[in-house]
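The primary structure of each chain is shown beneath.
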Amino acid sequence: IITYNTLIDGLCKAGRVGEAIGLVAKMVKDGCSLNIITYNTLFNGLCKAGSIDEALELVAKMVQDGCSLDIITYSTLIDGLCKAGKINTAFSLANKMIKNGFSPNAVTYSSLIDGLCKVGKVEEALRLADKMKQDGHSPNYITYGILIHGFTQVGRMDLTFKLVAQMMHSRSVLDIVTYNSLISSFFKESRVREALILVAKMIKSGCHPDIFTYNSLIAHLCKVGKVDEAL
RNA sequence: UGGCUAAGUUGGUCA
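What you are looking at is a predicted structure, and each value in this text was computed from that prediction instead of being measured.

(A) Seen up close, the overall build of chain A. Helix and strand content of chain A: 14 helices and zero strands. Put simply, chain A runs from its N terminus to its C terminus through helices and strands in the order α-α-α-α-α-α-α-α-α-α-α-α-α-α. The C-alpha extent of chain A, read off along each of the three principal axes, is 60 × 40 × 30 Å. Residue burial in chain A is summarised as follows: out of 231 residues, 43% are buried. Summarising the internal contacts of chain A: among those between residues at least 6 apart in sequence, 53% fall at separations of at least 24. The averaged location of the 21 negative side-chain charges in chain A is 3 Å from the averaged location of its 25 positive side-chain charges.

Put into structure tokens, the structure is as follows:
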């Protein structure tokens, strides 16, 4: 079953959900029962492929099959709903999950926070992060990265800097993804100098530029005519 | 005992 699950996840991540479902059918035919991980893997694959409705239909089947939802199931579905822009449904599901005795964890909260950010409700996202703290889950570096990205996307550099300062204060370290968000937002605001300073800082802190960093650097430097620096 | 599942970042193309 672990072998099957690994293959199913591989197919899903390669965007081949149809084949993944075929493989599940074969498992069943071979008398191999599906476990929660098999289902969760499929839910994630379906959600990423934009088939939330199919994922929700499959939940019903899973329950009939005698398998109950766990925190990963809820988090996966909540994330899928958020990414589909169905924020309200995502929050309803989060409430349902609580009613069923599960408490949202940092991942669940992060998905909801990202969902709010993506529809531009960054103040609400920030409030949810506070609620998350009160609920005993400290925002982690991913949660912070989500917020920072959300803030930069709507041009709220004030909130961005405030949060970065807060992170420094709590000795949280900026990771590569967060650096990349910040760097590309500086470029988008035509703050080329600050972007480059940040790249230098990032390197000094032991964080190595990756393909995202380079793509952003090269694209923006070329755009402002600094082809030589890009090279 | 362990091994499989959930969250954030860039550029391009087309509408």
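(B) Region of the structure containing the protein's contact with RNA strand B. In the vicinity of RNA strand B, 39 residues are found, and the nearest of them are Ile2, Asn5, Ile37, Thr178 and Asn215. Backbone sugar and phosphate groups make up 44% of those atoms of RNA strand B lying within 4 Å of the protein. For RNA strand B, a phosphate oxygen lies 3.1 Å from a polar atom in the side chain of Lys13. Contact between RNA strand B and Lys48: a phosphate oxygen at 2.9 Å from a side-chain N or O atom of the residue. Only α1 (2–13), α3 (36–48), α5 (71–83), α7 (106–118), α9 (141–153), α11 (176–188) and α13 (211–223) provide two or more residues apiece to the surface near RNA strand B.

(C) Broad picture of unusual backbone geometry. At Arg171, a position not held by glycine, the phi torsion is positive, near 60 degrees. Locating Arg171 in the fold gives a position in the loop between α10 (157–169) and α11. Its identity is not glycine, yet Ser190 carries a phi of approximately 60 degrees, on the positive side. On the secondary structure map, Ser190 appears in the loop between α11 and α12 (192–204). When its relative accessible area of 59% is taken as the criterion, Ser190 is described as exposed.

(D) Geometry of the packing of aromatic side chains. For the structure shown, the criterion picks out three aromatic pairs. Relative to Phe43, the ring of Tyr39 has its centre 6.2 Å away and its plane inclined at 25 degrees; by these criteria the two rings are stacked. Of the two residues, Tyr39 and Phe43 both sit in helix α3, four residues apart, roughly one turn of that helix. Like Phe43, Tyr39 is buried. For the pair Tyr74 and Phe102, a centre-to-centre distance of 5.5 Å together with 50 degrees between the ring planes defines the contact as tilted. Of this pair, Tyr74 sits in helix α5 while Phe102 is found in the loop between α6 (87–99) and α7, placing the two residues 28 residues apart along the sequence. Overall, the relative accessible area of 4% leaves Tyr74 in the buried class.

(E) Quick look at the side chain of Ser75. On the secondary structure map, Ser75 appears in helix α5. Under the relative-accessibility criterion, Ser75 is labelled buried at 8%.

(F) How the structure looks around the packing of α3 against α5. Orientation of α3 relative to α5, taken along the N-to-C sense of each, is 5 degrees, at an axis distance of 9 Å. Our classification of the angle between α3 and α5 gives roughly parallel. Here α3 contributes Ile36, Asn40, Phe43, Asn44, Cys47 and Lys48 to the contact with α5, which in turn contributes Ile72, Thr73, Thr76, Leu77, Asp79 and Gly80. Across the contact of α3 with α5, the residue classes break down as five nonpolar, five polar and two charged.

(G) Quick peek at the nonpolar core. Of all hydrophobic cores here, the largest spans 67 residues; its most connected members are Ile8, Phe43, Ile78, Ile113, Leu147 and Ile183. Ranked by the residues each element gives to this core, the list is headed by α7, at six residues.

Definitions and cut-offs
- Residues numbered from 1 in each chain as written.
- Chains lettered and ligands numbered in written order.
- Predicted model: local features only at pLDDT ≥ 70, side-chain atom pairs only at ≥ 80, totals over all residues.
- Heavy atoms only, no water.
- Helix = DSSP H or I, 4+ residues; strand = E, 2+ residues; numbered from the N terminus.
- Buried < 20%, exposed > 50% of the residue type's maximum accessible area, 1.4 Å probe, protein only.
- Contact = heavy atoms within 4.5 Å.
- Lys, Arg positive; Asp, Glu negative; His and termini not counted.
- Charge placed at Lys NZ, Arg CZ, Asp CG, Glu CD.
- Near = heavy atom within 4 Å.
- Polar contact = N/O pair within 3.5 Å; in protein donor to acceptor, adjacent residues only side chain to side chain.
- Phe/Tyr/Trp six-rings, centres within 6.5 Å; stacked < 30°, edge-to-face > 60°.
- Axes fitted to C-alpha atoms, helices over the stretch in contact; angles between N-to-C directions.
- Parallel < 35°, antiparallel > 145°, perpendicular 65-115°, else oblique.
- Nonpolar A, V, L, I, M, F, W, Y, C, P; charged D, E, K, R; others polar.
- Core = buried A, V, L, I, M, F, W, Y, C linked by side-chain atoms within 4.5 Å.

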